[in-house]
Amino acid sequence: MSSTELPGVRAVTAAAAPKVAAVRVAEGEELRSVALPGLTLTVRARPPARTGLPHALYVHGLGGSSLNWSALMPFLEDIVDGEALDLPGFGDSPPPDDGNYSVTGHARAVIRFLDSAGHGPVHLLGNSLGGAVATRVAAVRPDLVRTLTLISPAMPELRVQRSAWPTALLAVPGVATAFNRITKDWSAEQRTRGVLALCYGDPTRVTDEALRNAVEEMERRIQLPYFWDVMTRSARGIVDAYTLGGQHGLWRQAERVLAPTLLVYGGRDQLVAYRMARKAAAAFRDSRLLTLPDAGHVAMMEYPETVAQAFRELLDDSGRS
């Protein structure tokens, strides 16, 4: 049993997954499925403006999917050949055969995907859980990472914000089941608005179309029988990663990252404390910091043009070094 596997719960395999509504594909995007031993990943891409561009890989956060990068990707398609993957069990990717949703398990999935693609070092971008995963990938496989961009990365905090406690509580056995029972009569729109209120610095910035799309995706996800199982195990995986010390600790691994790193923090982030920006800037040896006082937890969705410009500057400077 993996460190994040719930006693008495067997991983739901892809074969057991029910037929649900198709995942949304924005204009100009393409979806493909990548089959690896014991693992199938859905990958979202936008055809690059021209051939020969360097590759980029986007990794989403807890409860998210590759859709979280749809706002940012168009602003970068002229400088990178970008792909966003659905981590195992999220988005349109089925659960992995081994049921491992630890940060290490997700990092292993990213590494296996990059190794299979054979692109060489990529520009790796991660948000929240995806930021922790990307940090681990960059530390253990520096040959795969050209630059690293972390947006509100889920790095260990001594004093977790009170607003982040409900997410952390998902890791406690029985909490997810109880919450699902309590909220069984909530509509998909109610659930979606709750997520937006937690993740956005200003939820009123969400357009009506974006809200409709988010509600449709929520309706699709909650039909999946493994939805809460994946959320619970992944939340426990984050908590487990926070408790690791020594060379496996995330802050220790941050110090080992060689790639030029862009750090993005939001002043209204309710899940990752804004105060962690200074610690992160000191931990990553070759780092630059972008702080957005009005942003929440998903700056690439709230301020995609600003994040894109900072990323462009990272590429420009790293290309000259």
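Bear in mind the structure is a predicted one, so any value in this text is a computation, not a measurement.

### Some remarks on the overall build of the chain
Step number 1: Along its length, the chain carries eleven helices and eight strands.
Step number 2: Counting over 321 residues, the chain shows a buried share of 53%.
Step number 3: The contacts in the chain between residues at least 6 apart in sequence include a share of 76% that link residues at least 24 apart.
Step number 4: Surface exposure of the chain reaches about 14300 Å², of which carbon and sulfur atoms provide 53%.

### Overview of the packing of helix α5 (residues 188-199) against helix α6 (residues 208-221)
Step number 1: Contact geometry for α5 and α6: axes closest at 9 Å, N-to-C directions at 115 degrees. Considering the angle they form, α5 stands roughly perpendicular to α6. Of the two possible hands of crossing, α5 and α6 adopt the one that is right-handed. Contacts between α5 and α6 pair Ala-188, Glu-189, Arg-191, Thr-192, Arg-193, Val-195 and Leu-196 from the former with Leu-211, Ala-214, Val-215, Met-218 and Glu-219 from the latter.

### Here's the deal with the sheet that holds strand β1 (residues 30-36)
Step number 1: Ordered in space as β1-β2-β4-β3-β5-β6-β7-β8, the eight strands form an open sheet in which the pairing is mixed. The open sheet is flanked by β1 and β8 (287-292), the only strands paired with a single partner. Neighbouring strand axes in the sheet, compared pairwise and without regard to direction, differ in orientation by 20 degrees on average.
Step number 2: As paired strands, β1 and strand β2 (residues 39-45) are joined by seven bridges and run antiparallel to one another. For Val-34, the partnering residue across the bridge sits in β2 and is Leu-41.
Step number 3: Sheet contacts for helix α9 (residues 276-283): β7 (261-266) and β8; angle to β7, the most-contacted strand, approximately 175 degrees.

### Notes on helix α2 (residues 129-140)
Step number 1: Here α2 contains twelve residues, and its C-alpha end-to-end distance of 17 Å stays within 8% of the 16 Å for a straight helix at 1.5 Å per residue.
Step number 2: The buried count for α2 comes to eleven of twelve residues, which makes it a mostly enclosed element.
Step number 3: Residues of α2 that are buried in the fold lie against β3 (55-59), α1 (103-117), β5 (122-127), β6 (145-151), α7 (227-243) and α8 (250-256).

### A short note on the packing of aromatic side chains
Step number 1: A full pass over the atoms with the stated rule returns two aromatic pairs.
Step number 2: Residues Tyr-58 and Trp-69 carry aromatic rings whose centres are separated by 5.2 Å and whose planes lie at 40 degrees to one another, so their mutual orientation is tilted. Of this pair, Tyr-58 sits in strand β3 while Trp-69 is found in the loop between β3 and β4 (81-85), placing the two residues eleven residues apart along the sequence.
Step number 3: Classification of Tyr-58 as buried rests on a relative accessible area of 1%.
Step number 4: Ring centres 5.1 Å apart and planes at 80 degrees place the aromatic pair Phe-227 and Trp-228 in the edge-to-face group.

### Some thoughts on the environment of Gly-319
Step number 1: Position of Gly-319 among the secondary structure elements: in helix α11 (residues 304-320).
Step number 2: For Gly-319, a relative accessible area of 62% translates into the label exposed.
Step number 3: C-alpha separation for the pair Gly-319 and Arg-146, spaced 173 residues apart in sequence, amounts to 10.0 Å.

### So, empty space enclosed by the protein
Step number 1: Enumeration according to the criterion identifies three cavities of 30 Å³ or more in this entry.
Step number 2: The wall of the largest cavity is formed by Gly-63, Gly-89, Phe-90, Gly-91, Arg-221, Leu-224, Tyr-226, Phe-227 and Val-230.
Step number 3: Split into classes, the residues belonging to the lining of the largest cavity amount to five nonpolar, three polar and one charged.
Step number 4: The volume enclosed by the second largest cavity comes to roughly 40 Å³.

### Digging into the packing of α1 against α2
Step number 1: Between α1 and α2, the least distance of the axes is 9 Å, while the angle of their chain directions is 65 degrees. For the element pair α1 and α2, the recorded crossing hand is right-handed. From α1, Val-103, Thr-104, His-106, Ala-107, Val-110 and Ile-111 reach across to α2, where they touch Leu-129, Ala-132, Val-133, Arg-136, Val-137 and Val-140.
Step number 2: Here the contact of α1 with α2 is composed, by residue class, of nine nonpolar, two polar and one charged.

### What to know about the nonpolar core
Step number 1: One finds Val-110, Leu-124 and Leu-148 to be the most contacted residues of the largest nonpolar core, which totals 55 residues.
Step number 2: When sequence neighbours within four positions are dropped, the list of residues in contact with Val-110 reads Leu-57, Val-59, Leu-85, Leu-87, Val-133 and Val-137.
Step number 3: Grouped together as the second largest cluster of nonpolar side chains are 35 residues, Ala-84, Ala-188, Val-215 and Leu-271 included.

### What to know about α7
Step number 1: The end-to-end C-alpha distance of α7 is 25 Å, a good match for the 24 Å that 17 residues give at a rise of 1.5 Å each.
Step number 2: Among the 17 residues in α7, 13 count as buried, and that is most of the element.

### A look at the confidence of the model for the chain
Step number 1: Summary statistics for the chain give a mean pLDDT of 86 and a share of 85% for residues scoring 70 or more.
Step number 2: Low pLDDT, under 50, characterises residues 1-17; the stretch is placed with 33 contacts to residues that sit more than four places away or in other chains.

How each quantity is defined
Residues numbered from 1 in each chain as written. Predicted model: local features only at pLDDT ≥ 70, side-chain atom pairs only at ≥ 80, totals over all residues. Heavy atoms only, no water. Helix = DSSP H or I, 4+ residues; strand = E, 2+ residues; numbered from the N terminus. Buried < 20%, exposed > 50% of the residue type's maximum accessible area, 1.4 Å probe, protein only. Contact = heavy atoms within 4.5 Å. Areas by Shrake-Rupley, 256 points an atom, 1.4 Å probe, with all protein chains shown as cover. Axes fitted to C-alpha atoms, helices over the stretch in contact; angles between N-to-C directions. Parallel < 35°, antiparallel > 145°, perpendicular 65-115°, else oblique. Left-handed = near helix turned anticlockwise from the far one by under 90°. Pairing = 2+ DSSP bridges. Expected span 1.5 Å × (residues − 1). Phe/Tyr/Trp six-rings, centres within 6.5 Å; stacked < 30°, edge-to-face > 60°. 1 Å grid on protein atoms, 1.4 Å probe; cavity = no way out; pocket = protein on both sides within 12 Å on 5 of 7 lines; lining within 4 Å. Points joined across faces, edges and corners; volume = space filled by probe spheres on them. Nonpolar A, V, L, I, M, F, W, Y, C, P; charged D, E, K, R; others polar. Core = buried A, V, L, I, M, F, W, Y, C linked by side-chain atoms within 4.5 Å. pLDDT = per-residue confidence, 0-100.

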